[in-house]
Structures are given as C-alpha cells and as structure tokens.
Amino acid sequence: MSVAECIRTIRERIDNRKITTGLVLGSGLAGLADAVNNGVTIPYADLPGFPEVGVSGHDPNLIIGEIEGVTVAVFAGRAHYYEHARADVMRTPLAVLKGLGAKRVILANSAGSLRDDIPPGELMLISDHINLAGANPLIGETGDDRFVDMVDAYEPSLRQAAMRAAANIDIELASGVYAWLSGPCFETPAEIRALKILGADAVGMSTVPEVILARFFGLKVAGISNITNMAAGMDNIALSHEQTKKMANQSAARFEKFLKAFLKEI
Ligand code: HPA
C-alpha cells in the first residue's frame, strides 16, 4: 500500500513532528518553500505513488517544517490533469497528508482574472468553484463516501481567517469563484466571455480536483489564487507560461507575507 509506505518513510525522517496543515504551491510559487524553518526535504521520487512533476515553476519535493510556528507539509510541486490525463494525480499526496494527521490543506494556484477589479498581482480567495474540465478525481471510486457534499467545500472559518489575515497586514484580498478548465492551452476569448456569464471570477488549470479529493479525505480546504494575468481577450498582453511564472515570481513576496499572516490566524 503506497500511502502507508509514504507515511512510514516521512515519519522516519521528521521525528515526532505533528503536521497540522498542508500547502500545495502553484506555478512559480515553489520558492515559498524557502519560508519553511527547520525544513526536511523529501523528494517525491522517494515516495511511492507521488506524481512525476513535469511543469517548470514546480519542484518535485515535499518539505516538512515550521512556518510561523505551524508545522506544515509543503508540496512544492503539483501535477496536473493535463500532464497525466488523470484527475486523481494528486490523490496519494493528499491521502498521505490526511494519514499524517493534518486537519487542513491550503491550495495555492496561479490564475487568470475575469474581473477588471482583480488585476494581476492581486490575490483572490476562492469562495467556490465551477468544474468545467469534464473530469472528476473520484470517478471509479466505490462506496457511498464518493458522494461528497461540495457545499462550503472552501471552509467558511478558514475563509474568515484569511480575510482577517489580509486585514492584519493591510492587503486587498478579493474573493471569488474559480473555474477549472483542463488546459494546457489557455482559453479562447469566447470561452472567457462564456465563463463570465456562468459566474466565474478567475480561471485556471488546477486545484479543483485537489479540493474534491481533500473533501473526500475529510480535510478542510482553503484555496487562494495568485492572479498572474487578465484572462484571454481582456487585455493585449500575450498569454504564456513564461508570463505566468514571471508574474507569480513578482508577487511571491506578497503571497508569502499573506501566507504567514494566514497561518497565524488559523
Ligand atoms: N488561464 C488558465 N490558467 C491560468 C491562467 C489563465 O489565464 N493564468 C494562470 N493560469
């Protein structure tokens, strides 16, 4: 059983530290792993069932240590549905997080904004999502637990803590609905116009399957988008992964400040 084997490997390397919180980093945010104190780094390659991570801006490492006194497990590399054609590609990391005793996971991503009042460089707290990828990580699961309730999937008490944290450090924190499309191509302007009508505020290629898995495993979820661009057709800056990484890097310091304030509040 690879989950049990991963838990054993990790426990052997982290002594008796009690992980309470997981953190999955998005594109261009892998450098946030440097914020971890007394960190133990475990390559995904040492953890059976952990995915191969093939997208630049992600590091295939699990880092366990402390941020603001909170013992965290930082997944510095995310694998995506579009890489593996499997929506459950992050299943083992999340199962392991739960197995290590964590209560919650903070899922970070880079996303495009559909709202003129949430420009690049801003953070958007995810209040809810729309799954438009036509995929679900629980397909094939058996038993009644697969029918996961997705009301308040983004834990209200964590959302309130995030808002308090942003106020404490005096930064704007928008809140909105994240739409998941599979990628890897960016959206068309027509798709973005359609997404606006559907009620989306931001768009991206990740996170949603992890939210579904985390809820399935009984982890509380917070989601936060680092807005790297206006969505397709909304301005004249060409979309590219280079641009995503560049913008994510530029706002990494702000994101780290927010994250620390958030961890203090939860
Ligand atoms: N669309 C999808 N994913 C993204 C975007 C976008 O505009 N920006 C960053 N990730």
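Before reading further, recall that the structure is shown in the block above.
Residues numbered from 1 in each chain as written. Predicted model: local features only at pLDDT ≥ 70, side-chain atom pairs only at ≥ 80, totals over all residues. Heavy atoms only, no water.

### Regarding helix α1 (residues 2–13)
The following threshold applies: Strands are runs of DSSP state E lasting at least 2 residues, helices are runs of H or I lasting at least 4, and numbering of each runs from the N terminus. One fewer than the residue count of a helix, multiplied by 1.5 Å, yields its expected span. Each residue's exposure class comes from its accessible area (1.4 Å probe, protein chains only) as a fraction of the maximum for that residue type: buried when under 20%, exposed when over 50%, partly exposed otherwise. Directions drawn from the helix axis to the C-beta atoms are what define this arc. The contact criterion used throughout is that any non-hydrogen atoms of two residues lie within 4.5 Å.
Helix length check: α1 (12 residues) gives 17 Å between terminal C-alpha atoms against 16 Å at 1.5 Å per residue, within 8%. Along α1, the residues classified as buried are V3, C6, I7, T9 and I10. Down the axis of α1, the buried side of the element spans an arc of 165 degrees, and every buried residue falls inside it. Where α1 is buried, its residues touch β2 (37–43), β3 (61–67) and α3 (91–99).

### Overview of the packing of aromatic side chains
Heads up, the rule is: Paired rings are identified among Phe, Tyr and Trp, the last through its six-membered ring, by centres lying within 6.5 Å, and are further divided according to the angle between planes into stacked (under 30 degrees), edge-to-face (over 60) and tilted (the rest).
Counted under the stated rule, the structure contains 5 aromatic pairs. Note on F50 and F75: the rings are 6.2 Å apart at their centroids and 25 degrees apart in plane angle, and the pair reads as stacked. In this pair, F50 sits in the loop between β2 and β3 while F75 sits in strand β4 (residues 70–75), placing the two residues 25 residues apart along the sequence. Counting every residue linked through ring pairs, the aromatic cluster contains Y44, F50 and F75.

### Section: unusual backbone geometry
Looking along the chain, the bond that leaves G183 and enters P184 is cis, with omega of 5 degrees. Position of P184 among the secondary structure elements: in the loop between β7 (173–180) and α5 (189–198). The phi torsion at N38 lies on the positive side, around 50 degrees, for a residue other than glycine. For N38, the location among the structural elements is in strand β2. Phi is positive for D170, which is not a glycine, with a value near 60 degrees. Locating D170 in the fold gives a position in the loop between α4 (156–168) and β7. Looking at D170, the relative accessible area reads 71%, which means it is exposed.

### Brief notes about the side chain of K245
Turning to its location among the elements, K245 is positioned in helix α7 (residues 241–250). Beyond its immediate sequence surroundings of up to four residues, K245 is in contact with S56 and G57.

Shape descriptors only; they carry no functional weight alone.
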